[in-house]
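# Residue-level structural notes
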Amino acid sequence: MGNFDGSFASAVRALKRKYPDIKLILIKPYFSNELNTNKEYYEFTYDDVVIPDVLAGVHPKSAITKRNRWMAENSDFVVTYVYRNFGGAYDAKKYALKLGKTVFETNDMLTDKR
């Protein structure tokens, strides 16, 4: 969410150079006017932008958790950045592992080690 999307997109683009079949798809938990306002940015940055149908009518407070589960269920691989053992990212990673997904951890790629 937020500015983190750009950092994460960079990490996935790095993986795309090695694995060109990877698609960089932004999964939004709900529609926001930002998608229309910054349409050119989204079209340039991502291969696709998706708002899953299963999130229609879901309360915004639970939409992100449900979106994270949907992503794990509908992905071949899961790329994570988890720096603590609680919270939404941690729960999503645990769920992906429970589903038997291959999980790539980007903690070292995205952390400034100066």
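Residues numbered from 1 in each chain as written. Predicted model: local features only at pLDDT ≥ 70, side-chain atom pairs only at ≥ 80, totals over all residues. Heavy atoms only, no water.

## Notes on the nonpolar core
Counting eight residues, the largest nonpolar core consists of Phe8, Ala9, Val12, Leu24, Leu26, Leu35, Tyr42 and Tyr46. The dominant element in this core, judged by the number of residues it contributes, is helix H1 (residues 4–18), at three residues. Ranked by size, the runner-up nonpolar core spans five residues in total, among them Val78, Tyr95, Ala96 and Val103. (Core = buried A, V, L, I, M, F, W, Y, C linked by side-chain atoms within 4.5 Å. Buried < 20%, exposed > 50% of the residue type's maximum accessible area, 1.4 Å probe, protein only. Helix = DSSP H or I, 4+ residues; strand = E, 2+ residues; numbered from the N terminus.)

## Quick look at the pattern of salt bridges
The final tally for this structure, using the stated rule, is four salt bridges. Note that Asp47 is salt-bridged to Lys16, the shortest N-O span being 2.7 Å. Here Lys16 lies in helix H1 and Asp47 lies in the loop between helix H3 (39–45) and strand S2 (48–50), a separation of 31 residues in the sequence. The class of Asp47 is partly exposed, set by a relative accessible area of 42%. With relative accessibility at 22%, the residue Lys16 sits in the partly exposed group. Taking the shortest distance from any N to any O, the salt bridge between Glu105 and Lys93 comes out at 3.0 Å. (Salt bridge = Lys/Arg side-chain N within 4 Å of Asp/Glu carboxyl O.)

## Section: the pairing of strand S3 (residues 77–80)
Across the two faces of S3 the burial differs, with Val78 and Thr80 buried and Phe77 and Val79 not buried at all. Bridge analysis of S3 against strand S4 (residues 102–105) gives four bridges, and the strand direction is parallel. Directly across from Val79, in S4, lies its bridge partner Phe104. Chirality of the crossover, the property in question, places the unit of S3, helix H5 (residues 88–98) and S4 among those that are right-handed. (Pairing = 2+ DSSP bridges. Right-handed = clockwise from strand over helix to strand, strands pointing away.)

Functional significance is not addressed by these values, which are geometric in nature.
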